Number of protein chains: 2
Amino acid sequence: MEYMTALDRLKEYINKMNRYSHVTELLYWDMRTCMPQEGFEGHSDAMTEFSTERFKMATSDELFEMLNELSEPEAFAELDDTWKFIVRRMKRSIDEDRRIPEEFYREYVKEQTESEMAWEQAKRASDFSLYAPHLEKMIAMTKEKIHYVFPDKEVYDALVNEYEEGMDTATIDCLFDSLKKDLVPLVQKILSAKQPNDTKFQRKYGLDGQRRVERLLLDYIGFSFEKGTTGESEHPFTLNLSSKDVRVTNHFREDNVIDPMFSAIHEGGHAIFEQNVKPEFDGTVAGSCQYLGVHESQSRFYENVIGRRKSFWEPIYDKVQAEIPELSDVSLDEFVKEINHIRNSFIRIEADEVTYCLHVILRYEIEKAIFRDNVPVSELPTLWNQKMQEYLMITPANDAEGILQDMHWSDGSFGYFPSYLLGSIYDGMFLDAMMAELGDVDELLRAGRIKDITKWLNEKIHQYGSTRLPKEVISAVCGKEVSSEPLMRYFTEKYTQIYNL
Amino acid sequence: MEYMTALDRLKEYINKMNRYSHVTELLYWDMRTCMPQEGFEGHSDAMTEFSTERFKMATSDELFEMLNELSEPEAFAELDDTWKFIVRRMKRSIDEDRRIPEEFYREYVKEQTESEMAWEQAKRASDFSLYAPHLEKMIAMTKEKIHYVFPDKEVYDALVNEYEEGMDTATIDCLFDSLKKDLVPLVQKILSAKQPNDTKFQRKYGLDGQRRVERLLLDYIGFSFEKGTTGESEHPFTLNLSSKDVRVTNHFREDNVIDPMFSAIHEGGHAIFEQNVKPEFDGTVAGSCQYLGVHESQSRFYENVIGRRKSFWEPIYDKVQAEIPELSDVSLDEFVKEINHIRNSFIRIEADEVTYCLHVILRYEIEKAIFRDNVPVSELPTLWNQKMQEYLMITPANDAEGILQDMHWSDGSFGYFPSYLLGSIYDGMFLDAMMAELGDVDELLRAGRIKDITKWLNEKIHQYGSTRLPKEVISAVCGKEVSSEPLMRYFTEKYTQIYNL
């Protein structure tokens, strides 16, 4: 049976590719968490070697032929469902990749690096003009790339689809517009209300206790330390070598005790997802979830929907205080007020769960302006500032706290931003579905039964990895179409109460 | 000029080999310091892939031909001194490796693994008989291996030479015998003297403070955190990816505050060596010092010769107490007494600097009994116990605390042990030379000028990496032949004073 041979060869080929990604990922991990400054060259040398090798394997004629062979109707019919998914996916990817002319691709990778460097310099100097020509070039090359790969698709739709497969701007417009309509007034109401007093939090916190609290929180929400570990890096991130080796980082600061706790819960959410994908998917495109909105829904569910409730902290706040004695004069109520403190701030990654949505909508609208309305790059900073004023009633004083703050566009990651908010929108729906099935979430949390919630998410979402598209996840879990209504309702109820609106 | 092309090709080939060792070493590091339990399979898979690849490259026909070409008189004459060294070394290695029949080598690697596993089991069960057949086989295969590679050499001399090039048993016999003659009576005198009271040290110590003390000590002795980093592992070790990325680990325990400090200084000594090898030697056989005795001399110089002096601690003991409040009622004098507490114990790796020598001499004598006198394996436990009684006046109650304690023989590392003691013997000589050139070491240390000592070692020893053989190092630094007299004199003076002998 020839197709069996072909499948075995493919499996072996995938295993070999995985060993190359394994060391490339490990080099990345070590670079961010462990490597001494001067070790950079050695790491970067090895990374170039093994990622180039990996890329060659992923686009080789050998793989192409194997996939073609397995895609023949007779051979394909013999595959089980998982391998059908894998072969279909890999075939699509290699077909797409091979449509990009080699010469163009080399140019593109080179421009990515230059553009990233220009962005870094421009951000440091807070001067958009240093970066503008590179942004223009990245936009032009992104358009060209999409034309090669998807000659029939609208460019921005194709971009969004790369990060959240099956999503399109028609759907997103609908979701974001209806959210924005109610959210802008809510934010304005919150901001005019009485704000909590945060002076008690302005002190110095020891780092050792904060590190122990990270472990406590990760363990509490269901992160497995048999299948995962932690590190420290400038920016928190999650990385998975397989479902059995998932790693999260954090960044501890003496002047801020709250952010690292919520980073721990956020990255913990990503990690719990990856640790619970079916292990038989490991190393294949069926495994590790590649839909950013769905992934983000899980980190944000833990961080915001669950993690910012009083009931979440009730069973553990005394343990947190024991590890961080600086919190001993902060009551649970004061703590909960502060972790739900809404502020209109300039920086997306520092924003609370409510204003965060508006930061994303702003970026989405600007990306549409770029790709759909062809607004010139030179006009983008003004557009940015206008929208900040309109949605958050503040205007950045400079480019660094305005349009230059995020690195995404510098390496061509256009269409990435909307998935952050899609994640929150999914969360509103997941909360409804969970309440319907598990009952009152606050009761569960108060009883310390957060693992029941994790188990529900494992069963409903995590185990499937990439095998279910975002829309399929929503439909399977919630039994309805995506809507932003549940998220808006959640915000309104929660903050009306907290802020006495 | 054809030989230039060959040299460039060789350099490129070496660079590629290095990238493979780079990731193999990194996998090892991560496995010991970071990887979660279930990540083992992924790491071990990748390690097999890349170390096999690396081994193929190191023994390939391509490399063999390049080295032959560069060894031709005309081409060789054009090389600079460093590359002459490198080509000569690599040529010798590949010639040697290629003398081993492939079939035998595969068998040997397989038996190594099995023997290691049998040793682990036997140690757990404290039953030498479980391990004896494997030890017999490893001895036989080691003899066979040496016969292939060095058909004209005496087996045990060849083995010793692998770890400490240029050393032979005639020299070692002379050094060890003269040391033993005086050391056994000194140890017996010390053990009959009044021992310090160590009850104050039997308490629980927090781990965070111990971690900070490790950094303090490493920084103090001259470890560079730009070119190095730390981790935690079951057993402390040093690993270098290059002179710019040298890593040490430690193991912290609540019930022991002293061992981790001296592990830090010990591994720090190894690391300072590697960080200060000329960077142009990086990635070649001229770099990273491969002579175990010389390497060990540096770690022990810091740990024992320097690190156990009162003058070492005088400038920093208050800082140590500030980080480890449990030491606040331990005076500097009490602390110094305890770190020089001599005990006759069963386990080599827990031994003090004096009795340690006898642990090594015992192993050396048993290795000679095996390879020179063909003493049967079944008689080794008894021989071990007799020697323990003779040298340290104690007899192990079981094999686990006797002959089964070390893993070295299980993977065929015969001839390794003597280099530990050679390191200490070199240290006696280095101390004399240093005193003659830098003046009173205690005065330097009391003045906090330990970096002067590090600088002296950098200049005299470290920078040369592997380019000077052990005997050349001694002769260049001390201007005389190796002798154990300085070490014995150092022990006698130091402990006569400490123990009022």
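Up top is the structure.
In short, a report on the structure. (Residues numbered from 1 in each chain as written. Chains lettered and ligands numbered in written order. Predicted model: local features only at pLDDT ≥ 70, side-chain atom pairs only at ≥ 80, totals over all residues. Heavy atoms only, no water.)

**Considerations on the nonpolar core**
Counting 324 residues, the largest nonpolar core has Met261, Phe312 and Trp313 of chain A together with Met261, Phe312 and Trp313 of chain B as its most contacted members. Not counting residues within four places of it along the chain, the set of residues in contact with Met261 of chain B comprises Val213, Leu217, Trp313, Val320, Ile324, Leu327 and Phe335 of chain B. (Core = buried A, V, L, I, M, F, W, Y, C linked by side-chain atoms within 4.5 Å. Buried < 20%, exposed > 50% of the residue type's maximum accessible area, 1.4 Å probe, protein only. Contact = heavy atoms within 4.5 Å.)

**A closer look at the interface of chain B and chain A**
Quite often, the size of an interface is put as the accessible area lost when its parts meet. With 33 residues of chain B at the contact, the number on the chain A side is 33 residues. Between chain B and chain A lies a buried interface of about 2,800 Å² when both sides are counted; carbon and sulfur atoms form 55% of it. Of all residues in chain B, the largest losses of buried area upon contact with chain A belong to Arg19, Pro36 and Glu38 of chain B, amounting jointly to 20% of the total for that side. Linking chain B to chain A there are 10 salt bridges. Among the salt bridges present, the one from Arg247 of chain B reaches Asp30 of chain A, with a minimum N-O distance of 2.6 Å. Here chain B is connected to chain A by 14 residue pairs in polar contact (both at pLDDT 80 or more). Listed by contribution, the elements that provide at least two residues to the side of chain B that touches chain A are helix H1 (2-33), helix H2 (40-58), helix H10 (207-221), strand S1 (228-232) and strand S3 (245-250) of chain B. Ranked by residues supplied to the side of chain B that touches chain A, first place goes to H1 of chain B with 9 residues. Grouping the constituent residues of the side of chain B that touches chain A by class yields 12 nonpolar, 7 polar and 14 charged. (Buried area = accessible area lost by both parts, 1.4 Å probe. Salt bridge = Lys/Arg side-chain N within 4 Å of Asp/Glu carboxyl O. Polar contact = N/O pair within 3.5 Å; in protein donor to acceptor, adjacent residues only side chain to side chain. Helix = DSSP H or I, 4+ residues; strand = E, 2+ residues; numbered from the N terminus. Nonpolar A, V, L, I, M, F, W, Y, C, P; charged D, E, K, R; others polar.)

**Details of the relation of the copies chain B and chain A**
Note on the copies: chain B fits chain A at an RMSD of 0.0 Å, the axial shift is 0.0 Å, and the rotation between them is 180°. The two molecules are tied by a two-fold rotation axis, judged by turn and shift. When the interface residues of chain B are mapped onto chain A, 100% of them again lie at the interface, so the same face is used by both copies. (Least-squares fit on C-alpha atoms with pLDDT ≥ 70 in both.)

**Topic: the pattern of salt bridges**
Counting across every chain of the model gives 86 salt bridges over all chains. Between Arg300 of chain A and Glu296 of chain A there is a salt bridge, with its nearest N and O atoms 3.0 Å apart. You can see Arg300 of chain A and its partner Glu296 of chain A sitting in helix H12 (residues 292-306), 4 residues apart, about one turn around the helix. The same class applies to Arg300 of chain A and to Glu296 of chain A, which are both buried. The network of salt bridges with shared partners includes Asp208, Arg211 and Glu232 of chain A together with Arg212 and Glu323 of chain B.

**Some details on the environment of Ala476 of chain B**
Within the secondary structure, Ala476 of chain B sits in helix H21 (residues 470-478). Once the C-alpha coordinates of Ala476 of chain B and Lys460 of chain B are considered, the two residues, 16 residues apart in sequence, prove to be 7.9 Å apart.

**Structural notes on the sheet that holds strand S2 (residues 238-242) of chain A**
Paired through backbone hydrogen bonds, the strands of a sheet run either parallel or antiparallel to each other. Residue and element names in this part refer to chain A. The mixed open sheet is built from 3 strands, whose spatial order is S1-S3-S2. Taken across any chain shown, the strands that pair with only one partner, and hence form the sheet edges, are strand S1 (228-232) and S2. Neighbour-to-neighbour, the strand axes of the sheet open up by a mean angle of 20°, direction not taken into account. Sheet topology note: the S1/strand S3 (residues 245-250) ladder contains 5 bridges and is parallel. (Pairing = 2+ DSSP bridges. Axes fitted to C-alpha atoms, helices over the stretch in contact; angles between N-to-C directions.)

**Examining helix H12 (residues 292-306) of chain B**
An α-helical turn contains 3.6 residues, so a residue and the one three or four places further along point in the same direction. All names here are of chain B. Compared with an ideal rise of 1.5 Å per residue, which puts 15 residues at 21 Å, H12 spans 20 Å between its outermost C-alpha atoms and is within 8% of the ideal. Bending of H12 peaks at approximately 40° at the position of Arg300. Here H12 lies mainly inside the structure; 14 of its 15 residues are buried. (Expected span 1.5 Å × (residues − 1). Bend = angle between axes of the 7 residues up to and from the residue.)

**Here's the deal with the environment of Thr113 of chain A**
All names here are of chain A. Its place among the elements puts Thr113 in helix H6 (residues 102-125). Look at Thr113 and you get partly exposed, because its relative accessible area is 43%. Here the side chain of Thr113 touches Val109 through a polar contact of 3.1 Å, landing on its backbone oxygen.

**With respect to the packing of aromatic side chains**
For the coordinates displayed, the defined rule picks out 56 aromatic pairs over all chains. Geometrically, the ring pair formed by Tyr426 of chain B and Phe430 of chain B is tilted, given 6.5 Å between the ring centres and 55° between the ring planes. Pair noted here: Tyr426 of chain B and Phe430 of chain B are both in helix H18 (residues 417-438), with a separation of 4 residues, about one helical turn. Judged by relative accessible area, Tyr426 of chain B falls into the buried class, the value being 1%. Ring centres of Tyr490 of chain B and Phe491 of chain B lie 5.6 Å apart, and the angle between their planes is 40°; on these two criteria the pair is classed as tilted. Neither Tyr490 of chain B nor Phe491 of chain B differs from the other in exposure class; each is buried. Each member of the aromatic cluster is reached from another via a ring pair, and the members are Tyr156, Tyr163, Phe176, Tyr356, Tyr364, Phe371, Trp384, Trp409, Phe414, Tyr416, Phe417 and Tyr420 of chain A. If you follow Arg468 of chain A out to its NZ or CZ, it ends over the ring of Tyr464 of chain A, 3.6 Å from the centre. Over the face of the ring belonging to Phe64 of chain B we find Arg98 of chain B, whose NZ or CZ atom lies 3.9 Å from the ring centre. (Phe/Tyr/Trp six-rings, centres within 6.5 Å; stacked < 30°, edge-to-face > 60°. Lys NZ or Arg CZ within 6 Å of the ring centre and 35° of its normal.)

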